[in-house]
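Each chain, written out:
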Amino acid sequence: ISMDDTRRLLAANLIPTDHPYVVGLLDDFKNDAITYPMVVELYTKMKENIENKSMDERLNLFKKYDRDNNGFINRYDLRECLKEDEYYNEDELDTVIDLVLTFGDSNNDGKLSYIEFLEMLSKPDGSPF
């Protein structure tokens with residue numbers, strides 16, 4: 001199944017393909033051959049997470065950090081938010097950003113998807129957020 005077919009299938013089932021959770025999952029699978037069982041699994045996970053109202057707080061936090069609204073948190077987004085929070089001084093920012101990406105960027109693409117963000121927040125130790 002192509003990525004476009006997957007997006008159409010999700011949209012036909014009223015799954016918003018621009019939701020950060022959906023964007024993150026699709027990004028994680030973009031280099032894999034997508035099979036129908038994978039689409040069913042994606043659909044199930046997406047529906048559960050989108051309907052889970054307890055995730056609203058984490059989604060709002062993600063959106064706060066996703067400054068350019070592209071569905072990912074990149075170095076620029078992190079820098080702007082951390083500067084605004086005024087918790088770290090300027091010379092500490094690169095170190096903190098490196099730590100965040102080390103802890104959270106599981107596919108090493110230089111940005112955090114919503115999935116990676118959720119996984120990082122759920123880590124019991126060392127989360128920089």
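See the structure shown above.
Values in this document were obtained by computation on a predicted structure and should not be read as measured data.

### Side note on the nonpolar core
(1) Moving on: Ile73, Leu78, Val100, Leu112 and Tyr114 are the most contacted members of the largest nonpolar core, which has 17 residues in total.
(2) Moving on: When residues of this core are traced back to their parent elements, those giving at least two are helix H4 (56-65), helix H5 (75-85), helix H6 (93-104) and helix H7 (114-121).
(3) Moving on: Here the element with the most residues in this core is H6; it accounts for 5 residues.

### Re the side chain of Asn74
(1) Moving on: In this structure, Asn74 sits in strand E1 (residues 72-74).
(2) Moving on: Other than its neighbours up to four places away in sequence, Asn74 contacts Asp68, Gly110 and Lys111.

### Some words on the packing of H5 against H6
(1) Moving on: Interaxial distance between H5 and H6 falls to 10 Å at its minimum, and their mutual angle equals 125°. Considering their axes alone, H5 and H6 lie oblique with respect to each other. As for the relative orientation of H5 and H6, their crossing is right-handed in sense. Contacts between H5 and H6 involve Arg75, Leu78, Arg79, Leu82 and Lys83 on the former and, on the latter, Leu93, Asp94, Val96, Ile97, Asp98, Val100 and Leu101.
(2) Moving on: For the contact of H5 with H6, the per-class residue count stands at 7 nonpolar, no polar and 5 charged.

Criteria and thresholds
- Residues numbered from 1 in each chain as written.
- Predicted model: local features only at pLDDT ≥ 70, side-chain atom pairs only at ≥ 80, totals over all residues.
- Heavy atoms only, no water.
- Core = buried A, V, L, I, M, F, W, Y, C linked by side-chain atoms within 4.5 Å.
- Buried < 20%, exposed > 50% of the residue type's maximum accessible area, 1.4 Å probe, protein only.
- Helix = DSSP H or I, 4+ residues; strand = E, 2+ residues; numbered from the N terminus.
- Contact = heavy atoms within 4.5 Å.
- Axes fitted to C-alpha atoms, helices over the stretch in contact; angles between N-to-C directions.
- Parallel < 35°, antiparallel > 145°, perpendicular 65-115°, else oblique.
- Left-handed = near helix turned anticlockwise from the far one by under 90°.
- Nonpolar A, V, L, I, M, F, W, Y, C, P; charged D, E, K, R; others polar.

By themselves, these are just geometric observations and shouldn't be taken as functional.
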